[in-house]
Amino acid sequence: MARRGWLWFAAPAAVLFIAFWLLPMVGLAIIGAESRNGQSAYLTVLGSEQYWMSLLNTVVLSLAATLATLLLALPVGRFLAWHPRFPGRRVLMSMLTFPLAFPGVVVGFLVILLSGRQGLIANLTQWLPDGPLVFAYGMGGLFLGYLYFSLPRCIGVISAAAEHIDPALLEAARTLGAGAWRRFIDVELPALTPALIGAGAMSFATSMGAFGTAFTLATQIDVLPITIYNEFTNYANIPVAAALSIVLGLVTWAVLYVAHSLAGGGGGAGA
Amino acid sequence: MNHSRIDTRIGTAITLAVAAFLIGPVILSVLAGLTKNYFVGLSSGLTLRWIGEVWALYAETIWRSFAVALATLAICVVTGVPMAWVLTLHRGRLARAMEELLTLPVAVPGLASALALIVSWGTVSGLRGSIWFIVIGHVLFTLPFMVRAAGASMTHADLTTLNEAAATLGAGRIARFLHIVVPNAMPGIVTGALTVLTLSIGEFNLTWLLHTPLTKTLPVGLADAYASARLEIASAYTLVFLLMLIPLLVGLQWLAARGDRRAPLPVNQKPRP
């Protein structure tokens, strides 16, 4: 086969990937199995209430942010798909997609400007009897941050899927007497399900691993990326940091994989 | 009309609210970076003083980020474009598996990839303290975007046929790759390149663990400023970062609007915050 001769063109990228990612990852997994105080770090992690809480916090927060993101992104995506032309659409689109390129640290800072001690919300709520509302430096701020970076990603995926819904289907449902709500439930929602699963998985996975946002808001928040970072830098507990990283990596990858299979590969999780 | 008036109204309201939520804080940040005293408000007047201070304090991180991004891009082009071509020619199970594997560094949290790099390569003298350590991390994270964008262009241009035609005319592999594959895949390569630059300039999760005090990049400097500098300087620094992103993003938008609609939009792929 003439195509075989091309295979060595793949070698540079493959070597790079194997040497700097695959083998180091295997190394990390092995370090996690190394014993400290007589048991492997995986057992330490699995037997510790503290790490389970951290994982639970991360999962619950990511799940909540993902659900909220989908609830908001669905009407926005539909709106953009049904209105392909109106004055100001381009500006609106740039407003909705600009934050895609922001790193987590910047998102964290924006959350502080919004809901921190000197933030907009604190300024607007100074009249409250309990003092101004400040919630940037904890779970509330992190939730807002996850929402901030998930929304642009999900809106893009959902509106692309909504554009592909055949208007004839909706027309037919209408002729058969289906009301607006029934058409939404019976026609649109099933058509959008793969996109919703794909976007949701992407948002969940991103939130699970988001380190920069939490790092900017407060290093006290008990979510897994921060726990890993603290184990590594503050306690130099490399086996536990390694074991936790492997657990986090596996959970994240598994969610993406399951969603990818459920959505039939159409969700475009991008990962 | 398939959509009721209430439906449209709710859609408009939520869309505007979401747009305000996404862009409002950016405007706050830009204003804070240009205001004499943010706590007094805009009435204290506008100034470029904070931008000047950012330049004095952090210019080095800005240049370093450019250097890291360009080095990352060079490696991504040299390794990623040939890889994309091989994956375009081979559609079998092994090729799919390779493609999936390459995207793992994007799917797995950056913190884990960085720890793995440090554990395996951190002791190599001369590497740990150089910017190449950061470049390696960025290449792993951005390579899949280059492979995907270039590959989309190659499939789209039906290069397999062109390539076979050139082969019958006696052109060697390297000649065919350089004179047929690369020029025809150019739109995808450019899209991939802009994506790689955007991601590298903003990368934090890997870089925070990979950097040393002598190899701080822009996002690392931002994290420093957020933790310790006054709000106006942190905002001005953010503004400088946004100004660096804008040409890249405008370029991507332009390419997407003019280019093949079938190629996946890079903006829909995900950098990890």
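Scroll up to find the structure this text is about.
Residues numbered from 1 in each chain as written. Chains lettered and ligands numbered in written order. Predicted model: local features only at pLDDT ≥ 70, side-chain atom pairs only at ≥ 80, totals over all residues. Heavy atoms only, no water.

**Student:** Let's hear about the overall build of chain A: which residues, and what values?
**Tutor:** When helices and strands are counted, chain A shows 12 helices and 2 strands. Beginning at the N terminus, the succession of helices and strands in chain A can be written as α-β-β-α-α-α-α-α-α-α-α-α-α-α. C-alpha atoms of chain A, sized along the principal axes, occupy 75 × 70 × 35 Å. Per-residue burial for chain A yields a buried fraction of 54% across its 271 residues. Of all intrachain contacts in chain A linking residues separated by at least 6 positions in sequence, the fraction that spans at least 24 positions is 68%. As presented, chain A carries roughly 11,900 Å² of accessible surface, and 68% of it is formed by carbon and sulfur atoms. Here chain A carries 12 positive and 10 negative side-chain charges, and the mean point of each set is 13 Å from the other. (Helix = DSSP H or I, 4+ residues; strand = E, 2+ residues; numbered from the N terminus. Buried < 20%, exposed > 50% of the residue type's maximum accessible area, 1.4 Å probe, protein only. Contact = heavy atoms within 4.5 Å. Areas by Shrake-Rupley, 256 points an atom, 1.4 Å probe, with all protein chains shown as cover. Lys, Arg positive; Asp, Glu negative; His and termini not counted. Charge placed at Lys NZ, Arg CZ, Asp CG, Glu CD.)

**Student:** Hey, could you go over the layout of surface pockets for me, with residue numbers and the actual values?
**Tutor:** One way to see where empty space is left: roll a probe the size of a water molecule over the atoms. Volume-wise, the second largest pocket comes out at about 440 Å³. L74(A), P75(A), R78(A), F184(A) and D7(B) are, among the 20 residues lining the second largest pocket, the residues nearest its centre. For the lining of the second largest pocket, the elements supplying multiple residues, two or more each, are α3 (49-82) and α9 (180-209) of chain A together with α1 (5-34) of chain B. The greatest single-element share of the lining of the second largest pocket, amounting to 8 residues, is contributed by α3(A). For the lining of the second largest pocket, the residue count by class is 13 nonpolar, 5 polar and 2 charged. (1 Å grid on protein atoms, 1.4 Å probe; cavity = no way out; pocket = protein on both sides within 12 Å on 5 of 7 lines; lining within 4 Å. Points joined across faces, edges and corners; volume = space filled by probe spheres on them. Nonpolar A, V, L, I, M, F, W, Y, C, P; charged D, E, K, R; others polar.)

**Student:** An account of the pattern of salt bridges is needed here, citing residue identities and associated values.
**Tutor:** All chains considered together, the criterion is met by 8 salt bridges over all chains. For the salt bridge of E188(A) with R78(A), the shortest nitrogen-to-oxygen distance reads 2.5 Å. In this pair, E188(A) is assigned in helix α9 and R78(A) in helix α3, connecting sequence segments 110 residues apart. Each member of the pair, E188(A) as well as R78(A), carries the same accessibility label: buried. Across the pair D224(B) and K216(B) runs a salt bridge whose closest N-O atoms are separated by 2.8 Å. Taking the relative accessible area as the measure of exposure, D224(B) reaches 23% and is therefore partly exposed. Among the charged side chains, a network of salt bridges with common partners joins R78(A), E188(A) and D7(B). (Salt bridge = Lys/Arg side-chain N within 4 Å of Asp/Glu carboxyl O.)

**Student:** Tell me about the packing of helix α1 (residues 11-33) of chain A against helix α5 (residues 131-156) of chain B, and please be specific about residues and values.
**Tutor:** Closest axis-to-axis distance for the α1(A)/α5(B) pair is 11 Å, and the angle between their directions is 120°. The pairing of α1(A) with α5(B) is recorded here as oblique in orientation. Crossing hand, α1(A) versus α5(B): left-handed. Contacts between α1(A) and α5(B) involve A13(A), L16(A), F17(A), F20(A) and W21(A) from the former and I136(B), V139(B), L140(B) and L143(B) from the latter. For the contact of α1(A) with α5(B), the per-class residue count stands at 9 nonpolar, no polar and no charged. (Axes fitted to C-alpha atoms, helices over the stretch in contact; angles between N-to-C directions. Parallel < 35°, antiparallel > 145°, perpendicular 65-115°, else oblique. Left-handed = near helix turned anticlockwise from the far one by under 90°.)

**Student:** Give a detailed account of the interface of chain B and chain A, specifying residues and quantitative values.
**Tutor:** It is common to give the size of an interface as the accessible area that goes away when the parts come together. Contact with chain B, which involves 87 residues of that partner, is made by 87 residues of chain A. Carbon and sulfur atoms supply 77% of the area buried between chain B and chain A, which totals about 8,000 Å² over both sides. Linking chain B to chain A there are 1 salt bridge. The shortest N-O distance in the salt bridge between R78(A) and D7(B) comes to 2.9 Å. It is α1(B) that contributes the most residues to the side of chain B that touches chain A, 15 residues altogether. Counted by class, the side of chain B that touches chain A contains 58 nonpolar, 22 polar and 7 charged residues. (Buried area = accessible area lost by both parts, 1.4 Å probe.)

**Student:** Pulling in residues and values, what's your account of a nonpolar patch on the surface?
**Tutor:** Residues and elements named next belong to chain A. On the surface, a cluster of nonpolar side chains totalling about 540 Å² of accessible area is made up of L250, W253, Y257, V258 and L262. Relative to the helices and strands, L262 resides in helix α12 (residues 238-262). When its relative accessible area of 60% is taken as the criterion, L262 is described as exposed. (Patch = residues over 30% accessible without salt bridge, like charges linked within 9 Å, V, L, I, M, F, W, Y side chains within 5 Å.)

**Student:** Residues and numbers for the environment of L214(B), please.
**Tutor:** Residues and elements named next belong to chain B. Tracing the sequence through the fold places L214 in the loop between α9 (205-210) and α10 (218-228). On the basis of relative accessibility, which here comes to 68%, the residue L214 falls in the exposed class. Placed 84 residues apart in sequence, L214 and S130 show a C-alpha to C-alpha distance of 8.3 Å.

**Student:** Tell me about the nonpolar core, and please be specific about residues and values.
**Tutor:** Of all hydrophobic cores here, the largest spans 176 residues; its most connected members are L96(A), F102(A), M83(B), M154(B), W208(B) and L209(B). It is helix α2 (residues 49-89) of chain B that contributes the most residues to this core, 16 residues altogether. Formed by 5 residues, the second largest nonpolar core is a distinct cluster that contains A201(A), A205(A), L256(A) and A107(B). (Core = buried A, V, L, I, M, F, W, Y, C linked by side-chain atoms within 4.5 Å.)

These figures capture arrangement, not role.
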